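# Observations on chain architecture
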Amino acid sequence: MFHHLMNRFAVFVIGLSADAPDRRGERRGDSRCDRPDRGDVPGWVLITLMTAGLVVALWALAGEAFTSMFQDAMNKVRGAG
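As a starting point, this report considers the structure included with it. (Residues numbered from 1 in each chain as written. Predicted model: local features only at pLDDT ≥ 70, side-chain atom pairs only at ≥ 80, totals over all residues. Heavy atoms only, no water.)

Let's shift gears to the overall build of the chain. For the chain, the count of helices and strands is two helices and zero strands. Counting across all 81 residues of the chain, residues that qualify as buried make up 10%. Per element, the accessible surface of the chain, about 7,100 Å² overall, is 64% carbon and sulfur. (Helix = DSSP H or I, 4+ residues; strand = E, 2+ residues; numbered from the N terminus. Buried < 20%, exposed > 50% of the residue type's maximum accessible area, 1.4 Å probe, protein only. Areas by Shrake-Rupley, 256 points an atom, 1.4 Å probe, with all protein chains shown as cover.)

See the structure below:
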């Protein structure tokens, strides 16, 4: 499952590359598509994607530990532990 998710994530990130066509099928380097309000991918998008990638990687490596920590914390809050 992890490899399938990472493959889909990689395809998504590659789709954001500068050479990819935009929604109208034009390349971003075409003079028809050059507009002053168009720019690079905003920083918040990159931060969001990198954070999502880190969460997926951490969850794949330590998912069982996270689950047990969460269960232990919930049991302590309920007074069962």
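Using the criterion set out here, one finds one aromatic pair in the structure. Between W59 and F66, the aromatic rings sit 5.6 Å apart at their centres with planes inclined by 35°, giving tilted as the arrangement. The class for F66 is partly exposed, based on a relative accessible area of 28%. (Phe/Tyr/Trp six-rings, centres within 6.5 Å; stacked < 30°, edge-to-face > 60°.)

On to helix α2 (residues 43-78). Along its 36 residues, α2 runs just 41 Å from first to last C-alpha, ending more than 12% under the 52 Å computed at 1.5 Å per residue. Along α2, the sharpest kink reaches roughly 85°, centred on A62. Within α2, the full set of buried residues consists of V45, L49, G53 and G63. Just beyond α2, the residue with positive phi is G79, at close to 90°. (Expected span 1.5 Å × (residues − 1). Bend = angle between axes of the 7 residues up to and from the residue.)

Everything listed is a geometric property; what it means functionally is a separate question.
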